[in-house]
Every structure is written in structure tokens, then in C-alpha cells.
Amino acid sequence: MQQLDYLQELGINALWLMPFFPSPLRDDGYDISDYTAIHHHYGSLENFKTFLNAAHDRGIRIIIELVLNHTSDQHPWFKEARSSRENPKRDWYVWSETDTRYREASIIFLDTETSNWAWDPISKSYYWHRFFSHQPDLNYDNPAVFDAMWGVMKFWLDIGVDGFRLDAIPFLVERDGTRCENLPETHAIVREFRRRLDEAYSNKMLLAEANLWPADVSSYFGAGDEFHMAFHFPLMPRVFMAVQLEDRKPIIEIMEQTPHIPAACQWCIFLRNHDELTLATVTDMERDYMYDEYATDATMRLNLGIRRRLAPMMDNDRRRVQLLNVLLMSMPGTPIIYYGDEIGMGDNVYLRDRNGVRTPMQWNGGWNAGFSGADPERLYSPVISNPVYGYQAINVESQKRSPHSLLSWMKRLIEIRKSSRVFSRGSIEFLQPSNHRVLAYVRESGEEKILVVNNLSASSQAVELNLQRYKGTVPIEMAARNLFPRIGDLPYLMTMGPYQSFAFRLRRL
Amino acid sequence: MKDMIIRGLQQAYENMVHMMAEFLPRLVVMLIIGLVGLLIAFALKYLLRAILHLTRLDRLSEESGASRILRHAALPSITELLSRSLFWLTWLGFILVGISVLRIAGLQEQISHLFQLLPQVLIAILILFVGLLAGNFFSRAALLTAVNAGYRSPQLWSGSIRFVIWILAISMALEQIGLARQTVITAFSIVFGALMLALAIAFGLGGQELARQTLERYFGEKKNEREKEQEPSPL
Amino acid sequence: MAVISSAEDSFLADDFLRQLMGVGEVDLLVGIPSQNNATTISRAVEMIEKAFQQSFPRDRVVILNVDGGSRDFTSETFLSAMLSKNSNSRGLTSLRTIHRITTICSNAPSQGGAFRTMLAAADLLRAKACAVISPVASNLTPACISALLYPAARENFDYVAPLYRRHRFDGLLARHLLYPMSRAIFGKGIRELHSEEFGFSCRLGSHCLNQNGWRDEAVQFSPETWMALGAISSDFRCCQTFLGQKAHPVMSSGTDIVAAVRGNVAALFSCIESQQVVWMERTGSEPVPTIGSDHDLTSEPVRVNRKRMLEMFRSGVSGLTTILETILEPGTHAEIQRIAALDDRRVTFAAEIWVRTLYEFAAAYHHSVLNRDHLIQALVPLYRGRIYSFLLEHHDSSPEEIEADTESLCLEFEHQRPYLLERWKARE
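Residues numbered from 1 in each chain as written. Chains lettered and ligands numbered in written order. Predicted model: local features only at pLDDT ≥ 70, side-chain atom pairs only at ≥ 80, totals over all residues.

Concerning the overall build of chain C
So, point 1. Scanning chain C from N- to C-terminus turns up 19 helices and 10 strands.
So, point 2. Expected size for 428 residues packed as a compact globule is a radius of gyration near 22 Å; at 22 Å, chain C falls within 12% of this value.
So, point 3. Considering only C-alpha atoms, chain C reaches an extent of 70 × 50 × 40 Å along its principal axes.
So, point 4. Out of the 428 residues in chain C, the part that is buried amounts to 53%.
So, point 5. Long-range contacts, defined as pairs at least 24 residues apart, comprise 87% of the intrachain contacts of chain C with a sequence gap of at least 6. (Helix = DSSP H or I, 4+ residues; strand = E, 2+ residues; numbered from the N terminus. Rg over C-alpha atoms; globule rule 2.2 N^0.38 Å. Buried ≥ 20, exposed ≤ 12 C-beta atoms within 10 Å, placed from the backbone. Contact = placed C-beta atoms within 7 Å.)

Next up, the structure:
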């Protein structure tokens, strides 16, 4: 809570918290053993309420995780369910005598799991788990499960949280002969959650975590009656691809495939998050390329993804980090910044699973990087301490002191982002200059127009933009408000340095 | 009487001596001019020869076939020919200048006339020479084309082209020096026009079948016409 | 980096330079020269893009069309050709943008002008490997295009010549003149010196671009032969790659032969002339590496008009007597006249006399005994005679026998090489 001022200063207006529920922490809290409490490591429910109010006072909304699909095997519900086949909660999970059902469903955690069924020695039967074996899937064919989870949502909504990120949403329902993903029944469940939410509350938000192709994700918006927001997973690896290829094609292609969504809905876009950089929604050729360019060491690869942070993936090139953040802030959707990326934190690929990108936040160059006063050996994860990304070099405190640091730059970028609704609600039209190394687009909403031009390459580029539609307007650069030559009949020539970006407000004066 | 005769003879002698006294210096000047002109002509000849060697004119002349024509005409190489021509022209020029110094009545006018005619003569020679070369070149090109295309009587084609070009060149040369200008132009027009008319009539009336075959050979691509000409593809 | 001429006399249009600017540096460039090929160019583009996707998915690539002023909207068709998408890839095609750029070479519609434009573009874009593809080759597959690019792109070769499966009576100018003569003189045997499909490296491309002979007729008519000869006569690594069946008519018209001889033999003689310092020092020949299968001959029946060839041989020998006298030694000329006078079934233009004739022609070319284009044209009837003799002798020969004959001809060229040197220096 002490860092809420920092967040307010950064300029963000919502905070998404990873799971803080009681949990054996075998999956960083995504294995929940009590949905209506706070893990004692983080504090109490009262602490949370205080934190919530403080965030709201600073204009920061709080979105919490809610894992609907599965619980920890330490959850009382599962303990009851497995205790005997006649237990009332038996049917709260998905059981089978054999491990042959739902063969078409893929294994998500390929590196650790060999099957989606796990043997329960207590009840002598198999239980279904799409994720880790210690995370049994809940059975949404049982209305009691739905009611119980709605009860959980109500609990937190009544406390005052502003929204939920619903984890692993495509996997709620299983059916024979299907991949057990994105089934109509799942959508029906989501619609019911949404209906009840809208009925009882206002200004609350549901965010879907569905790692699918855009056309498939868009179904989770429904007709505006399912999720308010959904992550645009396929865009993210393509942003990295485009910068490495120095070619805008991957971005343009996926955006062209992104369907229109209901007016009251929104995409969530991001560069990195707590999981591996997923490569599930890329072609084999693209995946191989990403591995070869960004995960040369096999330890960096995990579950069809890359478990690295933004700065190391950009080889700590400040220009590339900035470029990607400009794309994040200017493309359609609500941008999400992963904690630490605003200061360029590094990762530790030698920690198991995805823990390499979940290291403690580096607040300052002191004890435990200012993360905690506990003994360093007691930290849930060691602090990054190498000379390049170590906390002594990369921390909030030192970057606050410099107006030229990445943190200061990010603050200014967020200000620019917030200065216009065009970025959040406007349309996007891609310009297609002959120079494929330049990604240029116009965001438009009503009379307001913003031109964003990005050089994706490591070398200087010249580009001629066809801006005839905006003839007569004056481009005003948004960072320093400098005037650029008026747009005329001829193609608008721009020369750009390596990885440089421009954002112009086009004003008719 | 005797005195008159002696006086007359004395007078004549004095006139003659006077004339000689006036003429001889001019003669000496003429000889000096001629000598200087000779030296200058030699210098120019060697200079031109050196320049033409540098520009490899002989090689060009070999290529164009001019050297062969010169050899057939028992003439030296083109470099030699041009440098010698320059020598003689230069020296002739100085000699004419020298003669004009003598101030012989009537001769001045003729010399002047000769000087005016000289450039035209040179141009006419040049036209003839170029015509000779062009006739040779194009007739050879026509011969090769006719042979390789399988035309009948390729020498006729070749010879005709050479004849036409030479006639043209001769006419132009004669016109250049102003010799019977009107006659030459008219004669050339008549001959050329008649030739074209004859060819048109011969081809149009007498060569209908040949014309048809020729056109079909060029524009009728497929089936039997092409099969008659098929050879293995070279590449 | 080649020196491209100054703005005042540049042969690259401003609009084209702008397109090149948009493309930037590339790894691979494939050029398609075209002239009224709207019906076939789409297929060529499709094959090239597939080759890129299958074999070079990560390379920066561009397809360049140099059009000679088509009237059937060939350039527009080229730009708008759609690539058929892989249904398994959710509509996503290649990893990178595949650029297509086009320019019109109307002020120099000859092949030389188009080729020079391609070399300039490759040089400006710093393409590591290039290939030239015919817009009408119906047998072209992505594998063929990859085969032309791969050696230069990955294996450090500078020139990649194609090898084909051909009819045994196809490509006889190459078999009887270009290949054996170039092999004997330059020491490297490229079978297809003249080809509409070939590959080359940027090093060779820049070298050719910097040459001064762009206005030569030999370069204008047959720039591919000129480049191939440049490669084998200098220190460039050459290889041959098998592309399958050669898709073109086995038979052609007489005008093709004249044009072929004028362009290709002129290129050969011109190269011999300009590279005399190089080849005079060489002896023997070395094999050129072959990638994939070796070339192949087929022997399906085909009609050949031998009679006409013989007639044209005889008429050429008699009609060009004065010209041939200037070129050939008296003994050689007399021998050719004797051959022309033989009975139809007995005409034999032996390898020995054929080789001697060609070497005397080459020497005469060197000494410019007459206009060089006329000299080359004078060779055409003699070539016909040689081919007539070959067809007569090998009418029923198997591909192996024909191949053996070619090898024997190559050896004869090598054997008489000292004679070429002797004639070369004779009139100096």
C-alpha cells in the first residue's frame, strides 16, 4: 500500500492484482485454497479493504484475479470431494474411472504434465485438470459450482473491487469429442455471470483471459453481454516479431484479422505479463523464429512460450523498449504494463517455471531492493542482482531522480496516452507506405486525429506517407508540441532515427 | 636615226631592267613562301599522322572495309592518305599564295576562283568516300541478311543496294561541286523514281504469288507454313 | 559498391528509386524481365513467393519486374497477383513482407537494358543473392527457384547456371559452339551459357554493373551469356543446378537462329577478346560443381527440316565467298567449299574443321578484319552446315552417344587451342 503514491505518480488508473488468496503457492497463488480470504503472507482482509479504499482515493481501480476453472487440491471443496464418492461435493469436480475421456483436449503445461487426468489415490479415480495436477478443474455442469463461484464474486464485489480477471476462462466446460475449449456452454455460463453482475452492480468489469486467435476471442464479448474486456494475445508476440524482423507485416496481418467488437467492449493489450510470452497463437514458422531470436537458450523456453521479461528480450536496448511501449500505448485497446517493466527490470531464467519473471520489485538499491525488510533468505524469490539488471542498477528510487530515466519517460508516455480518448476509443487506419520498416497508423475519434509513426528498424529510415486525406492539417508532435510542416498534396516525407516514434495530433488551423 | 635606235634600245633595256628589278624580289618572296610552306606542310603531315595513329583510325578503317577498298585502288592506308593529302593541300595553298604575290594580271582572279572551289571539291571527295564505305557496308549487311534468311539471289539484293547508294553519293558529289547541277538532280530523280516504279510494278503485278508467299511466311505463324521452316532450337 | 552514374545520366527513374528506398536492404532479389506477359506473370510471381516461404522464410526478399513497355498491363498484373494462402495458417502468409516492385525500361527495351536495371537494383538493395526468372517458363516450380538462389545465398557461389532435361536435338548452338568453346578457352564448362533462368551473387552482379560494355550489341542482345562468360573467365565460383525439363519448343524458326548466333556468339567472342590476358594463361579445363541431378537428354521423335538447312549452308558458302575469304584461311575456306559441294548424304562437317573454323572466326573478330556483327552473321550458314552434318550422323543416336560426341568435340576444342593462340597473334 505504501507504493500507491508511486503508482499514482506513474499515471496508471487501474491495478490488476495477481492472486492473493490462501494457497499452497505451488502456482504462485493460482492454486486457490480459500476464495474469500487473504493469504496471511500478504495481510488480512482488513488490510485489503484499507488498501482498496486508499487506491480508490487515488483514482486507481482494483482488478483482482479470480480463477474460476480450478482450485487447489488443498481447497476444502476438493478435500471433501475426494474423501468419498458419495460426498455432496463429489460432483463439484470432474471425475472419471479412466483417463481416456476428452482425448482431443491438449495439454497446456507441456513441460510438466503428461496428461489432463490425475489419479486420486484417496477416491481411487481420476480427476480432470487442464493445468497442473494439483489444480483440479471445477465441474460447471453442477449448478452448485456456479452458485458458489457467483458467491465468491459477490463477496469481493461487496468489498469494493472494481473487476475480475477471470483466469483460464475457455476451459470451464468439458464435452466428449471436443477440445474442451470455448464450448457454447462456457459462453452461457459467462453470460449468466455477466447478467447477475449487471443486475446487482454498476461500473464493474469482467476481463477474459482466453489465449485464442482474435476471431475466437471476440466470441467472448458476445453481443456485449459477456466479457467487457479480453486480452489480445496474438498481437503481443507479433509486436516482438515485427521489431526483430524490422517489418510491420506481422502486426498488420493480425490487426487485419481482428474483428470489430461491441462498442462497449475493449481489448486489453500488453507486452509482457506474469506468464511466459505465449506462442500458442502463432504459426510454426513464427514460433521457430521467435525461439531462435528471443530464446536461444533452451532454459528460456517454457510451455510453447518464452519466459523472459521485456528489457532482456530487447537486449536492454532502451530505444527498443521505448518503441514497444509506444506501440502498446497507441494501438487500440487498454494497455497493461507488467510491474517492473516501467523501469526495465530483468529476469532470472534459472528459476523454475515462470518464476523468473516474477522476481521482487526493485524499489531501491538497498535491503532486498526495498521489497521487504525480511531476511533475504526468506524471500519468496531471490532479487535480481547481476550488474546489468540488478537492483543496484535498476530501481525506482534511482530512476525517480533522473528526468531522463526510463521511468520518467514512461510517465510522460502515459500522460500522452491519457491526454486523448482517441487512443482508447478511436478507430485505427494503417497507412501502408512502401517502406515496410515503418509502421504508421492514424487513430481517429470524431474530429480528433492522431498520427503515429514508428521506425521498427535499427537503422535510419526515410518514408513517404500518403496523408492526402488529411491535407491541410498541421501535425503537432505530442511530446513537446512542436509544429511540423502542414500536410499538402504530395506524400509526406519523414526521416526517422533508429527505433524512433512520433505521435502527432493533426489539427486543422 | 642611229641615235633613235640606240635610244630605243636603251629605253627598252632600262624598262626590262626595271621590270626585272620589280619582278625578281617578288619571285624571291614567292620562292621563300613556297619553301616555308613546304616546311609547314611537312610538319603538319607528321603531326596529323601521329594524331591519327593515336586515334587508331586505321583499325576503324579496317573494320569498316575502307582499307580494303584503298588497297584495291592501290592507295596507301587511310592515315597515310590523309596525312599526305594534308601535306599537298598545305603546300599547294602556300604555292598559290606565292603565285599571287607575283601579281601577274589575270592570274589573281583564277587563283581566287580556285581557292573558292577547293572546299567544295574536298567535300565532294569526302561524300564520295563516305558513299563508297556506306555502299560497301550496307550491301554486305544486305547480303548476309538475305543469305541467312534464305532469300533467292542474295547477290542481287546486295548489288542493288550498293548501286543505289553509289549513285546517290555520286549525285551528291557532283551537286556539291556545282557541275551541271540541275541536270544531275533531274537525272538522279528520274533514275531513282523509275527504279522504284519498276520495282513496284514488278512486285505488285508480276510478283503477286511471291508477295503472298513472303507475307505468309512472315505473318502466318502456325501449322503447315511454320513446319516448312523448322530447325532445331539453338538455345 | 558499384558506382551508379550521376543523376543527369542515370538510367533509373525517380519513381523506381523511390520504390527501392521503400524496400531497403534485402537478402534475396528475384528479377522478372517482361514484355507483354500478362497471361503468365502471375504464375511466376506465385512460384517465387512460394519459394520464398518454403525455403527462405526469414530472408528479406523482393521481386522485381522490369517491363519493356507492355501493352497488356503486365506490370499491373504483376503487382496485383494474389498468393494463394495456406489454409492451415489462419490466413497468415510469410513471416516478412515480400516486396514487389516494378519499373518500365522503355528507353532501353532491349534485354541488356532490363538486365542492367536489375543489377543496379540488386546493388542498391545490397541483395546477397539474386535470380532471374523468365515470365513464361511454364515448368518453373518453387523448388527450381530455390535451387537457383540457394547456392549463392548460402554456399558462397557467385554464378548459378541451370541444367535441364532437354531433347537431344535441342540447344545445339550451346552444344556445338558455346559450351565446348568456352570450356576450352576459359577452362570451365557451363552447359547453359544462355539461359533465361540463372542465379548470381551480389559480388558478381556488382562486377558486371561496373563494366563499360553496356552499349555493346553483345551485351544488349544476350546479357545473360555475357554475365555467364564474365563469371567463368574471372575468379567467380560457378556451379550448375538441375531444374528439370526445359519448357520451350524444340523446334524454332530460322530467325531465331540468326538472332541467337548474333547475340550469343558475339558475347562469346567479345569476352574472348576482352579477357585475352586471362585465358591465354590457362590450360585444360576443370569441372563445374553440379547440384542435384546432372543434365539429361530425351529422345522422343521430332521433325526436322534438314533439307532447308543444307540449302542455306550451300547458299551461304557460295554467296558469302568474298566475306569468308577475308575471315578464313585459304585451306579452311577451301575445305568448307568442298564440304558444301558434297552429295546430300555425304556432307560431313567434321569436328576438326568446325573447331578450326571457329577459331579462325574468333581470331578474325579479334583483328577486326571486317565489321564484327557482319563477321558473326557470316558464321550462321556454316553453323547450319555443322548442324546438318550432326543431324545426319546422329539421327538415330542415343542420348549417351550424343553426349559422347559432345565430349569429343570439347576435347577437340582443347586440342586445337594452340591454333587459336597462333591465329590470335598472327597479324599482330
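A closer look at the overall build of chain A
So, point 1. For chain A, the helix and strand inventory stands at 14 helices and 19 strands.
So, point 2. What you see for chain A is a C-alpha radius of gyration of 24 Å, in line with the 23 Å of a compact globule of 509 residues.
So, point 3. Of all 509 residues assigned to chain A, the portion counted as buried reaches 46%.
So, point 4. Contacts spanning at least 24 positions in sequence make up 66% of the contacts within chain A whose residues lie at least 6 apart.

Some remarks on the environment of Tyr150(C)
Residues and elements named next belong to chain C.
So, point 1. You can see Tyr 150 is positioned in helix α5 (residues 142–154).
So, point 2. Along the sequence, Tyr 150 and Phe 200 sit 50 residues apart, while their C-alpha atoms lie 10.0 Å from each other.
So, point 3. Tyr 150 has contacts with Ser 55 and Glu 155, leaving out every residue within four places of it along the chain.

Looking at the nonpolar core
So, point 1. Leu28(C), Leu29(C), Leu125(C), Ile145(C) and Leu149(C) are the most contacted members of the largest nonpolar core, which has 150 residues in total.
So, point 2. Here the element with the most residues in this core is helix α15 (residues 351–367) of chain C; it accounts for 11 residues.
So, point 3. Sequence-distant contacts of Leu29(C), defined by excluding residues within four places in its chain, comprise Val62(C), Leu64(C), Ala121(C), Ala122(C), Leu125(C), Ala127(C) and Cys130(C).
So, point 4. Counting 138 residues, the second-largest nonpolar core is a separate cluster that includes Phe240(A), Leu451(A), Leu456(A) and Ala503(A). (Core = buried A, V, L, I, M, F, W, Y, C linked by C-beta atoms within 7 Å.)

Here we look at the pairing of strand β5 (residues 159–167) of chain C
Residue and element names in this part refer to chain C.
So, point 1. Counting buried positions over the nine residues of β5 gives eight, a clear majority of the element.
So, point 2. The sheet contact formed by β5 and strand β6 (residues 198–201) spans two bridges and is antiparallel. Paired with Val 160 across the strands is Gly 199, a residue of β6.
So, point 3. By the bridge criterion, three bridges tie β5 to strand β10 (residues 296–298) in an arrangement that is parallel. Opposite Arg 166, over in β10, you have Leu 297 as the bridge partner. (Pairing = 2+ DSSP bridges.)

Notes on the domain arrangement of chain C
Residues and elements named next belong to chain C.
So, point 1. The assigned domain composition of chain C is domain 1 (7–164 + 189–251) and domain 2 (165–188 + 252–428).
So, point 2. The distance between the C-alpha centroids of domain 1 and domain 2 comes to 30 Å.
So, point 3. Taken together, the elements giving at least two residues each to the side of domain 1 that touches domain 2 come down to α5, β5, α8 (217–221), α9 (223–233) and β7 (238–245).
So, point 4. The element that contributes the greatest number of residues to the side of domain 1 that touches domain 2 is β7, accounting for seven residues.
So, point 5. For the side of domain 1 that touches domain 2, the class distribution of residues is 17 nonpolar, 10 polar and five charged. (Domains from an automatic or database assignment. Nonpolar A, V, L, I, M, F, W, Y, C, P; charged D, E, K, R; others polar.)

Looking at the sheet that holds strand β1 (residues 14–17) of chain A
Residue and element names in this part refer to chain A.
So, point 1. Read from one edge to the other, the open sheet built from seven strands follows the order β1-β2-β6-β7-β8-β9-β12, with strand pairing classed as parallel. At either margin of the open sheet sits one strand with a lone partner, and together these are β1 and β12 (334–336). Pairwise comparison of adjacent strand axes, ignoring direction, gives a mean angle of 25° for this sheet.
So, point 2. Across three bridges, the pairing between strand β9 (residues 266–270) and β12 is parallel. The residue of β12 that forms the bridge with Cys 268 is Thr 334. (Axes fitted to C-alpha atoms, helices over the stretch in contact; angles between N-to-C directions.)

Concerning the domain arrangement of chain A
So, point 1. One can read the domain layout of chain A as domain 1 (76–128) and domain 2 (423–507).
So, point 2. Averaged C-alpha coordinates put domain 1 of chain A and domain 2 of chain A at centres separated by 55 Å.

A few points about the interface of chain C and chain B
So, point 1. Facing the 39 residues of chain C at the interface are 26 residues of chain B.
So, point 2. At the level of elements, α6 (172–186), β8 (251–252), α10 (254–274), α12 (306–319), α16 (372–377) and α17 (379–393) of chain C are the ones that each hand at least two residues to the side of chain C that touches chain B.
So, point 3. Examining the composition of the side of chain C that touches chain B, we find that six residues originate from one element, α12(C), more than from any other.
So, point 4. Tallied by class, the residues present in the side of chain C that touches chain B amount to 21 nonpolar, 14 polar and four charged.

What to know about the sheet that holds strand β5 (residues 125–128) of chain A
Residues and elements named next belong to chain A.
So, point 1. Here we have three strands laid out as an open sheet, ordered β3-β5-β4, and antiparallel in their pairing. What marks the edges here is a single partner per strand, and that holds for β3 (95–96) and β4 (117–120).
So, point 2. Strand direction decides the pairing type here: β3 and β5, joined by two bridges, are antiparallel. Bridge pairing in β5 places Ser 96 opposite Tyr 126.

Thoughts on the interface of chain C and chain A
So, point 1. Between chain C and chain A, the contact holds 14 residues from the first and 16 residues from the second.
So, point 2. Considering every element that reaches the side of chain C that touches chain A, the biggest residue donor is helix α1 (residues 14–23) of chain C, with three residues.
So, point 3. Here the side of chain C that touches chain A is composed, by residue class, of four nonpolar, seven polar and three charged.

Focus: the arrangement of the chains
So, point 1. Counting contacts across all two pairs of chains that touch, the top pair turns out to be chains B and C.
So, point 2. Between chain A and chain B there is no contact; the minimum C-alpha to C-alpha separation amounts to 39 Å.

Things to note about the pairing of strand β18 (residues 492–496) of chain A
All names here are of chain A.
So, point 1. The side-chain alternation of β18 yields one buried face, formed by Tyr 492, Met 494 and Met 496, and one unburied face, formed by Leu 493 and Thr 495.
So, point 2. Sheet topology note: the strand β16 (residues 461–465)/β18 ladder contains five bridges and is antiparallel. Counterpart to Gln 461 in the pairing with β18 is Met 496.

What to know about helix α11 (residues 318–330) of chain A
Residue and element names in this part refer to chain A.
So, point 1. Here α11 spans 18 Å end to end across 13 residues, near enough to the 18 Å set by a 1.5 Å rise per residue.
So, point 2. With 10 of 13 residues buried, α11 is to be regarded as a mostly interior element.
So, point 3. Along α11, the residues classified as buried are Arg 320, Val 321, Leu 323, Leu 324, Asn 325, Val 326, Leu 327, Leu 328, Met 329 and Ser 330. (Expected span 1.5 Å × (residues − 1).)

A word on unusual backbone geometry
If a residue is not glycine, its phi is most likely negative; likewise, a peptide bond is most likely trans.
Residues and elements named next belong to chain A.
So, point 1. Backbone geometry at Leu 25 places phi at a positive 60°, although glycine is not the residue there.
So, point 2. Mapping Leu 25 onto the fold places it in the loop between β1 and α2 (45–57).
So, point 3. Although it is not a glycine, Ala 168 sits at a positive phi angle of roughly 55°.
So, point 4. Mapped onto the elements, Ala 168 comes out in the loop between β6 (163–167) and α5 (184–200).

Details of the packing of α12(C) against α17(C)
Residue and element names in this part refer to chain C.
So, point 1. Interaxial distance between α12 and α17 falls to 8 Å at its minimum, and their mutual angle equals 140°. Comparing their axes, α17 and α12 come out oblique. Remark: the crossing between α12 and α17 carries left-handed chirality. On α17, the residues touching Arg 306, Met 309, Leu 310, Met 312, Phe 313, Gly 316 and Val 317 of α12 are Val 380, Pro 381, Leu 382, Arg 384, Gly 385, Ile 387, Tyr 388, Leu 391 and Leu 392.
So, point 2. Classifying every residue of the contact of α12 with α17 gives 12 nonpolar, two polar and two charged. (Parallel < 35°, antiparallel > 145°, perpendicular 65-115°, else oblique. Left-handed = near helix turned anticlockwise from the far one by under 90°.)

A word on helix α7 (residues 202–209) of chain C
Residues and elements named next belong to chain C.
So, point 1. Burial analysis of α7 places six of its eight residues in the buried class, the great majority of the element.
So, point 2. All of the buried residues along α7 are Cys 202, Leu 204, Gly 205, His 207, Cys 208 and Leu 209.
So, point 3. In this fold, the buried residues of α7 make contact with α4 (111–124), β4 (129–132), β5, β6 and α9.

Section: the environment of Val136(C)
Residue and element names in this part refer to chain C.
So, point 1. Positionally, Val 136 belongs in the loop between β4 and α5.
So, point 2. Taking C-alpha positions, Val 136 is 8.7 Å from Thr 39, a pair spaced 97 residues apart along the chain.
So, point 3. Leave out the neighbours within four places in its chain, and Val 136 touches Asn 37 and Thr 40.

Section: the confidence of the model for chain C
As a general rule, the predicted coordinates of low-pLDDT regions are not to be interpreted in detail.
So, point 1. Across chain C, the average pLDDT comes to 87, with 91% of residues at 70 or higher.
So, point 2. Under a pLDDT of 50 for its full length, residues 1–8 of chain C has, in the predicted model, eight contacts with residues more than four places off or in other chains. (pLDDT = per-residue confidence, 0-100.)

Considering the environment of Glu49(C)
So, point 1. With respect to the helices, strands and loops of the structure, Glu49(C) is situated in helix α2 (residues 38–55).
So, point 2. Residues in contact with Glu49(C), not counting those within four places in the same chain, are Leu83(C) and Ile98(C).

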